[in-house]
Amino acid sequence: MTIRPRRGFSAEWHSMTIRPRRGCAVALSLAAAVVASACSYGPTREAPVAIPPGIPPAAGAPVPAVDINAPGRTSYQLRPWAQGINEQMNIPVAALAAYGNAAETMRQTRPECNLAWTTLAGIGHVETRHGRYRGASLNDDGYALPPIIGIQLDGSPGFANIPDTDGGELDGDQEFDRAVGPMQFIPESWRKYGVDANGDGRADPNQIDDAAVAAARLLCENGGDLSVAENWQRAVLAYNASREYVMDVRDSAAAYSVGTTAP
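If you're wondering where the values come from, they're calculated on a predicted model, not measured in any experiment.

Colleague: Help me understand the overall build of the protein, please; the structure alone is not making it clear to me.
Modeller: Scanning the protein from terminus to terminus reveals eight helices and two strands. Looking at the 263 residues of the protein, the share that counts as buried comes to 47%. Accessible area of the protein: about 12,700 Å², with a carbon and sulfur share of 53%.

Here it is as structure tokens:
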């Protein structure tokens, strides 16, 4: 869980630019003008999917039921679901299955929360691009490698001052705390919300299943019924107290709700 305002992790991604589309700048003949609208997207490309407005973002593709009490890594039950839709959204299968597993866990244990996987995916996108920050990736066991460790929270301009709280156990820093893993939890928050969701007997913020369910717990505890706009915003602000962050998560989650890539 990063600390306001959005610096460091997001700066690299916000530097991406959009290049103008080619191939439609030529003058159209009178006959061709009839089909001019198709030229906006090229001869074989469909119009981009419109990202719906509003808060909270929609739920997206329905998540199949999961036996959350089964032994081992329950997110594996959602691999077929994730593999059917992940490419069009550019979300790794392991991450998408973890978000679905976390949302389904909340549906069965805290149904009043009404948490959608799209919100978790929006956070995962803004935080670390689903475990892919600076060349990292999720391995077969769902661990972000190399581990994703944030900057020192040393009170520098724009950042909180959080002296070390875990002896460097999670973040490797015995002087100040840092955010850890694909969902970016600081040690203090991980102690409160961390959970073993992959069945290996330990809660690890570097493992996407564990991190996704921990994020779901944080959101539900701080927001309550997330189908209510005010509650959804409060929950995301509890994750990162920045209005810009809330809108970034909203935009990403809304894009995933209609099955397209996040902005």
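Colleague: Got a minute to help me understand the packing of aromatic side chains in this structure?
Modeller: Here the distance between the centres and the angle between the planes together describe a pair of aromatic rings. The final tally for this structure, using the stated rule, is three aromatic pairs. For the ring pair W81 and W117, a centre distance of 5.7 Å and an interplane angle of 85° mean the geometry is edge-to-face. Placement of W81 in helix α2 (residues 79-89) and of W117 in helix α4 (residues 117-128) is noted, with a sequence separation of 36 residues between them. Note on W81: relative accessible area 12%, which makes it buried. Its relative accessible area of 2% is what places W117 among the buried residues. Taking the centre distance of 5.8 Å and the plane angle of 65° together, the rings of F185 and Y239 count as edge-to-face. Taken as a pair, F185 in the loop between β2 (144-145) and α5 (187-193) and Y239 in helix α7 (residues 229-239) lie far apart in primary sequence, 54 residues in all. The class of F185 is buried, set by a relative accessible area of 1%.

Colleague: In this structure, what is going on with the state of the cysteines? I would like to understand it.
Modeller: Defined simply, a disulfide is a covalent bond joining two cysteines at their sulfur atoms. One pass over the structure, following the stated rule, counts one disulfide. Note on cysteine connectivity: C113 is disulfide-linked to C220, with sulfurs 2.0 Å apart. In this structure the cystine formed by C113 and C220 twists about its S-S bond by roughly -90°; its chirality is therefore left-handed. Here C220 lies in helix α6 (residues 208-223) and C113 lies in the loop between α3 (93-109) and α4, a separation of 107 residues in the sequence. Just as C113 is buried, C220 falls in that class too.

Cut-off values and rules
- Residues numbered from 1 in each chain as written.
- Predicted model: local features only at pLDDT ≥ 70, side-chain atom pairs only at ≥ 80, totals over all residues.
- Heavy atoms only, no water.
- Helix = DSSP H or I, 4+ residues; strand = E, 2+ residues; numbered from the N terminus.
- Buried < 20%, exposed > 50% of the residue type's maximum accessible area, 1.4 Å probe, protein only.
- Areas by Shrake-Rupley, 256 points an atom, 1.4 Å probe, with all protein chains shown as cover.
- Phe/Tyr/Trp six-rings, centres within 6.5 Å; stacked < 30°, edge-to-face > 60°.
- Disulfide = S-S within 2.5 Å.

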